[in-house]
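Close look at the chain arrangement
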Amino acid sequence: MKNLGYYNGKISLLEDLQIPATDRAFYFGDGVYDAVMCRNNIPYLLDLHIDRLYKNCSTLDINPPVDKKELKATICELVKKVDANEKFVYFHISRGSQIRDHAYENLKGNLFISITEREITDIKRKMKCILAKDIRYELCNIKTLNLLPSVLTAQMAKNSNSEEAIMYRSQDFVTEGSHSNVSILKNGTLITAPKDKYILPGVTRAHIIEIANKNGVPVEERRYSVNELFSADEIIISSSSKMARGVSEIDNIPVGGKDKKLLSLFNDTIYNNYLKATSLPLEGKVSAR
Ligand code: PLP
């Protein structure tokens with residue numbers, strides 16, 4: 001199969017999949033999602049993403065239709081049906097289905113999964129970004145389907161020939177990217193916005209902090225300003241599909257480029273850990289015993 005769509009047990013090509021219009025995801029974006037990269041049919045860090053999904057369901061009073069173990073087993077079976085080496089696995093649980101009404105009934109959630117080919121490329125190529133006002137609401141720590149502000153902001157980046165928009169709430173407070181976290185390096189310290197209602201606690205962000213801790217790089221989880229962003233030694237954009245990439249310019253102004261060594265530590269370690277965790281035993285070779 002070249003791509004796959006799954007909805008409450010039904011499987012088809014994504015473009016052929018039918019979903020009832022009573023699904024609250026359709027009217028209200030009433031649901032939560034998560035996504036992982038997959039290589040050699042091994043979904044990367046799947047447990048961490050499933051944990052976040054179920055935590056978000058619980059926060060929003062959404063009843064998942066299956067438990068974590070069943071979701072994991074379903075994803076691990078489905079990835080085998082798509083013919084590609086590297087894939088992007090997206091999964092969401094909507095609140096359930098009912099005739100349109102803002103307030104909800106006691107519903108069983110709907111599970112949707114899509115699997116598409118996606119290769120990780122350009123790990124080392126720095127990204128062109130724009131700076132944009134963060135126009136989202138205050139539930140940014142929950143990965144909900146309500147993504148309109150992020151969609152509009154990502155489109156602004158695309159219209160400017162850039163790959164990501166770095167968002168700020170005020171001159172003193174850079175939050176994150178439209179679909180990534182943003183951290184900076186300054187004088188050998190990793191600085192990243194704190195985990196609060198204004199950023200998504202990214203799995204890759206946590207991985208970056210872990211790498212810093214292991215390598216004796218001081219970490220400051222605190223608000224930083226637009227000025228600090230522009231004067232950073234390096235800027236790191238992180239997400240499950242982008243891994244950890246440097247930034248070359250913001251609004252056509254050159255940035256970073258002053259601590260290539262430390263940037264490479266994060267850049268290389270994140271990517272190598274992914275390659276290692278998703279390698280076939282001995283990369284598919286038969287071991288000589
Ligand atoms: N922040 C936002 C708003 C995102 O949408 C994403 C990923 O989609 C991230 C951060 C990065 O999260 P993760 O590293 O878990 O993929």
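Residues numbered from 1 in each chain as written. Predicted model: local features only at pLDDT ≥ 70, side-chain atom pairs only at ≥ 80, totals over all residues. Heavy atoms only, no water.

1. Here we look at the site of the ligand
Around the ligand, the structure places 18 residues, and the nearest of them are Lys143, Glu176, Val203, Thr204 and Ser240. Within the backbone of Ser180, an N or O atom sits 3.4 Å from a nitrogen atom of the ligand. The contact in question runs from an oxygen atom of the ligand to an N or O atom on the side chain of Ser240, over 2.7 Å. In the complex, 90% of the free accessible area of the ligand, which totals 390 Å², lies under the protein chains. Counting atoms within 2 Å of the grid points, the majority share of the ligand lands in the largest pocket. Secondary-structure elements contributing two or more residues to the shell around the ligand are α2 (46-59), β9 (173-177), α5 (203-214) and β13 (234-239). Grouping the amino acids of the shell around the ligand by side-chain chemistry returns three nonpolar, eleven polar and four charged. Residue contributions to the shell around the ligand reach at least three from each of two domains, namely domain 1 (3-117) and domain 2 (127-275). (Near = heavy atom within 4 Å. Polar contact = N/O pair within 3.5 Å; in protein donor to acceptor, adjacent residues only side chain to side chain. Areas by Shrake-Rupley, 256 points an atom, 1.4 Å probe, with all protein chains shown as cover. 1 Å grid on protein atoms, 1.4 Å probe; cavity = no way out; pocket = protein on both sides within 12 Å on 5 of 7 lines; lining within 4 Å. Sits in = over half its atoms within 2 Å of the grid points. Helix = DSSP H or I, 4+ residues; strand = E, 2+ residues; numbered from the N terminus. Nonpolar A, V, L, I, M, F, W, Y, C, P; charged D, E, K, R; others polar. Domains from an automatic or database assignment.)

2. Examining the environment of Ile93
With respect to the helices and strands, Ile93 occurs in strand β5 (residues 86-94). Residues Ile93 and Ile62, spaced 31 residues apart in sequence, show a C-alpha to C-alpha distance of 8.1 Å. Excluding anything up to four places from it in sequence, Ile93 contacts Gly31, Val32, Leu53, Tyr54, Cys57, Ile62, Pro64, Pro65, Gly109, Asn110 and Leu111. (Contact = heavy atoms within 4.5 Å.)

3. Topic: the packing of α2 against helix α3 (residues 68-78)
Running from N to C, α2 and α3 cross one another at 130 degrees; their axes reach a closest spacing of 11 Å. By the angle between their directions, the pair α2 and α3 is classed as oblique. Remark: the crossing between α2 and α3 carries right-handed chirality. Taken together, the residues of α3 that come into contact with α2 (itself represented by Leu46, Asp47, Ile50, Asp51, Leu53 and Tyr54) are Lys68, Leu71, Lys72, Ile75 and Cys76. When the residues that make up the contact of α2 with α3 are grouped by side-chain class, the tally is seven nonpolar, no polar and four charged. (Axes fitted to C-alpha atoms, helices over the stretch in contact; angles between N-to-C directions. Parallel < 35°, antiparallel > 145°, perpendicular 65-115°, else oblique. Left-handed = near helix turned anticlockwise from the far one by under 90°.)

4. Some thoughts on the domain arrangement of the protein chain
Domain annotation of the protein chain identifies domain 1 (3-117) and domain 2 (127-275). A separation of 26 Å is found between the C-alpha centroids of domain 1 and domain 2. Across the boundary between the two partners, domain 1 contributes 24 residues, which contact 19 residues of domain 2. When the two sides are added together, the surface that domain 1 and domain 2 hide from each other amounts to roughly 1700 Å², 63% of it contributed by carbon and sulfur. Considering only the side of domain 1, the residues that lose the most area to domain 2 are Tyr33, Tyr44 and Arg52, jointly responsible for 36% of the buried surface there. Taken together, the connections running from domain 1 to domain 2 amount to zero salt bridges. Where domain 1 packs against domain 2, one counts seven residue pairs in polar contact (both at pLDDT 80 or more). Looking at the side of domain 1 that touches domain 2, the elements with two or more residues in it are α1 (24-28), β3 (31-39), α2 and β5. Ranked by residues supplied to the side of domain 1 that touches domain 2, first place goes to β3 with eight residues. Residues belonging to the side of domain 1 that touches domain 2 are distributed by class as follows: 13 nonpolar, six polar and five charged. (Buried area = accessible area lost by both parts, 1.4 Å probe. Salt bridge = Lys/Arg side-chain N within 4 Å of Asp/Glu carboxyl O.)

5. What about unusual backbone geometry?
Peptide bonds are, in most cases, trans, and in most cases residues other than glycine have a negative phi. One non-glycine residue with positive phi stands out, namely Asn40, at about 55 degrees. Along the chain, the position of Asn40 falls in the loop between β3 and β4 (42-43). Of note, the phi angle at Asn252 is positive, near 70 degrees, even though the residue is not glycine.

6. With respect to the pattern of salt bridges
Tallying each qualifying case throughout the model produces 22 salt bridges. Among the salt bridges present, the one from Lys197 reaches Glu138, with a minimum N-O distance of 3.1 Å. Pair noted here: Lys197 is in the loop between β11 (189-192) and α5 and Glu138 is in the loop between β7 (127-133) and α4 (148-159), with a separation of 59 residues, a long-range link. A relative accessible area of 36% means that Lys197 is categorised as partly exposed. Accessibility expressed as a relative area gives 43% for Glu138, which makes it partly exposed. With its nearest N and O atoms 2.9 Å apart, the salt bridge here joins Glu228 to Arg222. One continuous salt-bridge network, built from bridges that share partners, spans Asp122, Arg125, Glu163 and Arg245. (Buried < 20%, exposed > 50% of the residue type's maximum accessible area, 1.4 Å probe, protein only.)

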